[in-house]
Amino acid sequence: MTRRLLARLVLVGALLLGVLTLQSPARADLEHPRQDFLRSSVGGLFLHWGQRTAPSHTSCSQWESDVTGGGWTPDYWVQEAQKLHTQYLVLATFHSRLGYARPWPSKIPGSCSTKRDFLGELITAAKAKGLKTILYMTDDPQWHDEGGHEWLDSAAYSKYKGRTVDLTGRDGFGEFSYDNFFEVMDRYPDLGGFWIDNDNAYWESHNLYAQVYQKRPNYTISNNNEDTPIMDMISNEQKTGMSPSYDYPQAVYTAAPRLVEADFKLPSTGSWWYTGSDPAVDRKLTLGRLITNVGSSVKALMAETAMVGGRLPGNQVAFNNFAKGYLDAIAESVHGTEGGGYLHGGLAPGFWNDGSHGVTTVSRTDPDKHYIHVLTPPSTSTLRLRDNGYRVTGVTNLRTGAPIAYSQSGGTLSLTGLGGWDPYDTVFNVTTAGREGIVPASSYTMSASASAGGHGAAAAADGDYRTYWDSNKTTPVSLRFDLGSAKRVQYIGVNQREDSVSYARSGTEQSARIRDYRVYVSNDGTTWGSPVKTGTLPSRRGVAFIDIPATTTRHVRLEVVNTHAESSDSTRYKRLRIDEAWIGTAYAAGGGTTPTPNRYEAENGAYSTGSTVDSDHTGFTGTGFVNTPNAVGAYVEWTVQSATARSASIAIRYANGTTTGRPLDVSVNGTVVSAGRAFDGTGSWTTWADSILTVPLTAGANTVRVTATSANGAPNLDHLDVEASCCV
Ligand code: GCU
Ligand code: CA
């Protein structure tokens, strides 16, 4: 081969490569190892901090000197991120409204650049603690003269480029920021990636993203608003309408497992950056937002407002300090877990009984280990949630270790005797013996009345949540399961794509989830008869269940009559996508523990002088009963243990063989909780009755005393039963 031919081949190859690079999407990986740190993270800390952080500086050097003089240290930010149990930092300094400063010694003139390498120091300090740093980049020159000062220096940049470039226009600014992307890539191999606010046509026409991926394949790229598979993450800055206010963002633009970041401003009032004010941090809202996104493909970015010297305002410091201890206590339920009830199995999250709401998490290393996070407790002492086929073998309160009474039936797990709710997140630690009664994905043949190309019915039962059946915008539409042979059928489980809103946000942003459905069964796959079940599913995130009267059949047909989206949303109207669906042959075996009251015999308690322990009237428990003197002030006192502070039901067992009432004051820990409570005649001294009331108990030892208020003294007292927080 001549040198000339070789040169020509190399040229053709290079051209081909160039064309490929330009025309193919930068990359379209749904999942990639470079995203691992994000997937395993609890969340991130987002810091808006720059030249316009109060007190606003127009002089770059003065700002830098005040940053350093103010005691800026990268370790401080790393520590604050760790207090929030987050694993990455996003630094928003090259920010349109904060003065476009670059906190590194840039060789590119055009906006403020520091001599000290704040970015490099942060990357190094974060790396030392196993955290990543992500750099925010803006696309937008429109705030170039924000506050009456010109922040961009077109003349200096033009001189550097050897031609005139207007940094205040989108193209010129796109070129300037494009150069900065490359400078950062050259300088910081350990950067975690870029968090890009929107998009710039210059970047697109110059194939920026493909080059980032080529040059730094370990960087992640996140885009605020742009829903494109080019990016690792799609972010939602301050656009996350939520119901309740800490629930998952209502819109997840791209179906999981693509990563979504929800950027929450942590003091929910005030500016996104420090303006001199120190708004209070709403603990419930903030912790709720962090916890609802734990382990999910939606990452919570906690946006705080660093001051010039890097320190955070007092309320945010106080919150971070509180969050540290608070989350330490439930660490195993937030670290190394996946969000439950979605892609990874797990108990169903969402809206539960009696006004309760919360999420569940599943251990990444033990799929049988689950956590229930109750963010809004029920108004009753019972919590019920769908068990998703898991047979529960034990429940404890993760914070206190106290055993919790539970029962399971009909696909529902009920936790009973609950109280003493944590104000932000009561966490139950649930052990299970795995899932039962589910026909595995490999054992049916799937078919559908309509399918989009590449998304046939088989994808709805291939055990892979990344593949899905698409109805090709057809409704009504049927998805059929052929079980191969007749089997007992009890319910259908459905995981729809998590890529539409939970609530219709507008005429053009509606839920694509199943609304009305019918279920048919057939033995021959030809004769279906009338539906065995018709119903309506709510538009809610997570796993959905359709129960049917148990029957034995070979074929099951789920007919989706319609979906929630109205025709005004042309993207989602009639769109139906199911990741995975399955048949439940039976509910998880009923089990559980029955709460038995804790019994405290009167004869083992303390009692007033002159009392006797008698046994002459039958029907008592223990070894006898206490017969107090017939006098005002006669008493019996029990010492009662409680694992938690709670409100508990107690029963005082007594007999009064007279026809005159013998009222008692009931006091708990010295405070009368029921004054002159009636203990009327029971008919005879051998007829025992319970006087039941609810009393407040503190964690640890409590005294419960009954004191006679009449001259007849107390009735005969047998025992005190205290509602157990659980099972004994
Ligand atoms: C009777 C009865 C006692 C009871 C007493 C009373 O003596 O046998 O058990 O305590 O009346 O009136 O208090
Ligand atoms: Ca699938």
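Everything numeric here is computed off the predicted structure, so don't read it as measured data. (Residues numbered from 1 in each chain as written. Chains lettered and ligands numbered in written order. Predicted model: local features only at pLDDT ≥ 70, side-chain atom pairs only at ≥ 80, totals over all residues. Heavy atoms only, no water.)

Let us now look at the site of ligand 1. Every residue lining ligand 1 is accounted for by His617, Asn627, Asn630, Arg662, Trp685 and Asn716. Within the contact set of ligand 1, an oxygen atom lies 3.0 Å away from a side-chain nitrogen or oxygen of Asn627. The contact in question runs from an oxygen atom of ligand 1 to an N or O atom on the side chain of Arg662, over 2.7 Å. Coverage of ligand 1 by the protein amounts to 71% of the 320 Å² it exposes when considered alone. Partitioned by chemical class, the residues of the shell around ligand 1 number one nonpolar, four polar and one charged. (Near = heavy atom within 4 Å. Polar contact = N/O pair within 3.5 Å; in protein donor to acceptor, adjacent residues only side chain to side chain. Areas by Shrake-Rupley, 256 points an atom, 1.4 Å probe, with all protein chains shown as cover. Nonpolar A, V, L, I, M, F, W, Y, C, P; charged D, E, K, R; others polar.)

Enumeration over the complete set of coordinates arrives at one disulfide. Disulfide partner of Cys60: Cys112, at an S-S distance of 2.1 Å. On the sign convention where negative is left-handed, the bridge of Cys60 and Cys112, at about 65° about the S-S bond, is right-handed. In this pair, Cys60 sits in helix 3 (residues 60-69) while Cys112 sits in the loop between strand 2 (88-92) and helix 5 (118-128), placing the two residues 52 residues apart along the sequence. One exposure class covers both Cys60 and Cys112, and it is buried. (Disulfide = S-S within 2.5 Å. Helix = DSSP H or I, 4+ residues; strand = E, 2+ residues; numbered from the N terminus. Buried < 20%, exposed > 50% of the residue type's maximum accessible area, 1.4 Å probe, protein only.)

Below, the discussion takes up the sheet that holds strand 15 (residues 405-409). What the three strands build is an open sheet, ordered 13-16-15; its pairing is antiparallel. In this open sheet, the two edge strands, each paired with only one partner strand, are strand 13 (383-386) and strand 15. Adjacent strand axes in the sheet meet at a mean angle of 20° when their direction is disregarded. Here strand 15 runs beside strand 16 (residues 412-416); their pairing, made up of five bridges, is antiparallel. Bridge assignment links Ser409 to a residue of strand 16, and that residue is Thr412. (Pairing = 2+ DSSP bridges. Axes fitted to C-alpha atoms, helices over the stretch in contact; angles between N-to-C directions.)

Further remarks concern the domain arrangement of the protein. The domain architecture assigned to the protein consists of domain 1 (42-328), domain 2 (337-435), domain 3 (441-584) and domain 4 (598-722). Placing a centre on the C-alpha atoms of domain 2 and another on those of domain 3 gives a separation of 26 Å. On the side of domain 3, 13 residues touch domain 2, which itself brings 10 residues to the contact. Linking domain 2 with domain 3 are one salt bridge, by the criterion used here. Note that Asp547 and Arg386 form a salt bridge whose closest N and O atoms lie 2.9 Å from each other. Between the two partners, domain 2 and domain 3, sit three residue pairs in polar contact (both at pLDDT 80 or more). For the side of domain 2 that touches domain 3, the per-class residue count stands at four nonpolar, four polar and two charged. (Domains from an automatic or database assignment. Contact = heavy atoms within 4.5 Å. Salt bridge = Lys/Arg side-chain N within 4 Å of Asp/Glu carboxyl O.)

Turning to helix 6 (residues 154-161), its buried residues number three or more, namely Ser154, Tyr157 and Ser158. The arc that holds the buried residues of helix 6, viewed along the axis, is 100°, so those residues lie on one side. For helix 6, exposure combined with an orientation more than 90 degrees from the buried face picks out Ala155 and Lys159. Packing partners of the buried residues in helix 6 comprise helix 7 (170-187). Positioned one or two residues after helix 6, Gly162 has a phi angle of 75°, which is positive. (Arc of directions from axis to C-beta.)

A word on the packing of helix 6 against helix 7. In the contact formed by helix 6 and helix 7, the axes pass within 12 Å of each other and the chain directions differ by 65°. Considering the relative orientation of helix 6 and helix 7, their crossing is left-handed. In contact with Tyr157, Tyr160 and Lys161 of helix 6, helix 7 contributes Glu175, Phe176 and Asp179. The residue inventory of the contact of helix 6 with helix 7, partitioned by class, reads three nonpolar, no polar and three charged. (Left-handed = near helix turned anticlockwise from the far one by under 90°.)

Further remarks concern the packing of aromatic side chains. What describes a pair of aromatic rings is the distance from one ring centre to the other and the angle between the planes of the rings. Taken as a whole, this structure holds 32 aromatic pairs when the rule is applied. Look at Trp49 and Phe118: their rings are 6.0 Å apart centre to centre, the planes differ by 75°, and that puts the pair in the edge-to-face class. Taken together, the residues Trp49 in the loop between strand 1 (43-48) and helix 3 and Phe118 in helix 5 connect sequence positions 69 residues apart. By relative accessible area, which is 0% here, Trp49 ends up buried. (Phe/Tyr/Trp six-rings, centres within 6.5 Å; stacked < 30°, edge-to-face > 60°.)

Two elements, strand 26 (residues 606-607) and strand 29 (residues 635-642), share two bridges in a ladder whose sense is antiparallel. Residue Tyr607 lies in a different strand from strand 29, and its bridge partner there is Val636. As paired strands, strand 29 and strand 34 (residues 700-708) are joined by eight bridges and run antiparallel to one another. Residue pairing in the sheet places Val636 in a bridge with Val706 of strand 34.

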